[in-house]
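For reference, the chains in residue letters:
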Amino acid sequence: AKTTIWEAVAVASGTATLTSNLYGTELNTLLTNGSGYWIQSYNHVRYAPGISVLFRITFHFNQLITSARQRVGMFTDQGTYPSNAGDGFYLEADGSNVSVVRRYMTAGVAGAEERVNQANWNMDKLDGTGASGVNLNWTKTQHFVVEYQWLGVGTIRFGFETGQNQVVWCHQIVSVNASSQPWCRTGSLAVMAEVHSTGALATAGRLTLVVCVVLHEGVVIE
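Here the residue index of a chain counts from 1 through its sequence in written order. Local features in a predicted model are, by the rule used here, given only for residues with pLDDT of at least 70; side-chain atom pairs are given and counted only at 80 or more, and totals for whole chains, interfaces and linings are based on all residues. Side-chain calculation: all heavy atoms of the structure are included, whereas hydrogens and water are not.

## Some remarks on the state of the cysteines
Condition: Criterion for a disulfide: a pair of cysteine sulfur atoms at a distance within 2.5 Å. Each residue is assigned to one of three classes by its accessible area relative to the maximum for its type, calculated with a 1.4 Å probe on protein chains only: buried under 20%, partly exposed between the two thresholds, exposed over 50%.
Evaluation of the coordinates by the stated rule reveals zero disulfides. Residue cysteine 170 stays outside any disulfide, its sulfur separated by 18 Å from that of cysteine 184, the closest cysteine. We classify cysteine 170 as buried; its relative accessible area is 0%. You can see cysteine 212 has no disulfide; the closest cysteine sulfur is in cysteine 184, sitting 18 Å from it.

See below:
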């Protein structure tokens, strides 16, 4: 159903349904290659210079399936879906590979993404070997947290609410004194989630969305 909050589009007959207990929404692929579903907020969260933005989303990848790609974050897709043209950041499960990703078009071309696999996270890998001792189970619900500063050249800090250690920060991307360009073209970003099949599947991909919130210095703006 159309709303004034979310734009939602099925791709090659992908589906979206309410969960059985109505706590969230499931985005689903079919078993065929190229099917999926994406949802994006109509409103872009306005970035205020000098004020950081805090993004939280609770979700469930359900299963990490070969040839099923799932993403949650604040980003845009400016090409024919699914493309890699746009700006922002997200958490991605592509088969068994889980990564944090920065997407940007500041180089003037589409397709620029900085993808960092969990094994290479620079603060805590959240595989039980880090200082927190937390080992994320991707078959369980998760609470993804991102704090970002834009100003053209700021920092993106990724983490997870773990319950026992509050937020554990797992990776940060710093563009200050490290990049020749802004980390993306704008700090005003939309909330977006997607699931997409990149090959034939034995089991359909399923991304369950629960709740998301975006905060501006403690004031809810989305």
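Back to the text.
## A look at the environment of alanine 200
Going by this rule: For helices the rule is a DSSP run of H or I covering at least 4 residues; for strands it is a run of E covering at least 2, with both sets numbered from the N terminus onward. By the convention used here, residues are in contact when the closest approach between their heavy atoms is within 4.5 Å.
Residue placement: alanine 200 occurs in the loop between strand 13 (191-197) and strand 14 (206-216). You can call alanine 200 exposed: its relative accessible area is 66%. As for alanine 200 and threonine 32, which are separated by 168 residues in sequence, their C-alpha atoms are 4.9 Å apart. For alanine 200, the contacting residues outside a window of four places in its chain are Leu31, Asn33 and Ser67.

## Observations regarding the packing of aromatic side chains
How we decide: Note on ring pairs: Phe, Tyr and Trp rings are taken, using the six-membered ring of Trp, and paired if centres are within 6.5 Å. Classes follow the plane angle, with under 30 degrees stacked, over 60 edge-to-face and the rest tilted.
Under the counting rule described, the total for this entry stands at 13 aromatic pairs. The interplanar angle of 80° and the centroid separation of 6.2 Å between the aromatic rings of phenylalanine 89 and phenylalanine 158 together place this pair among those described as edge-to-face. Residue phenylalanine 89 is found in strand 7 (residues 88-94), and its partner phenylalanine 158 is found in strand 11 (residues 155-161); the two are separated by 69 residues along the sequence. What makes phenylalanine 89 buried here is its relative accessible area of 0%. By relative accessible area, phenylalanine 158 is classed as buried at 0%.

## Section: the pattern of salt bridges
Pairing is possible between side chains of opposite charge, provided their charged atoms come close. As a reminder of what qualifies: The rule for a salt bridge is simple: a side-chain nitrogen of Lys or Arg has to be within 4 Å of a carboxyl oxygen of Asp or Glu.
Taken as a whole and assessed by the stated rule, the structure comprises 11 salt bridges. Close ionic contact of glutamate 194 with arginine 71 constitutes a salt bridge, the shortest N to O distance being 3.1 Å. A residue pair is termed long-range when its members are at least 10 positions apart, and glutamate 194 in strand 13 and arginine 71 in strand 6 (residues 68-75) qualify at 123 residues. A salt bridge links glutamate 113 to arginine 103; the shortest N-O distance between them is 2.9 Å. Of the two residues, glutamate 113 sits in strand 9 (residues 112-117) while arginine 103 sits in strand 8 (residues 97-104), which places them 10 residues apart along the sequence. We classify arginine 103 as buried; its relative accessible area is 0%. One connected set of salt bridges, linked through shared partners, spans Arg69, Arg71, Glu92, Arg103, Glu113, Arg115 and Glu194.

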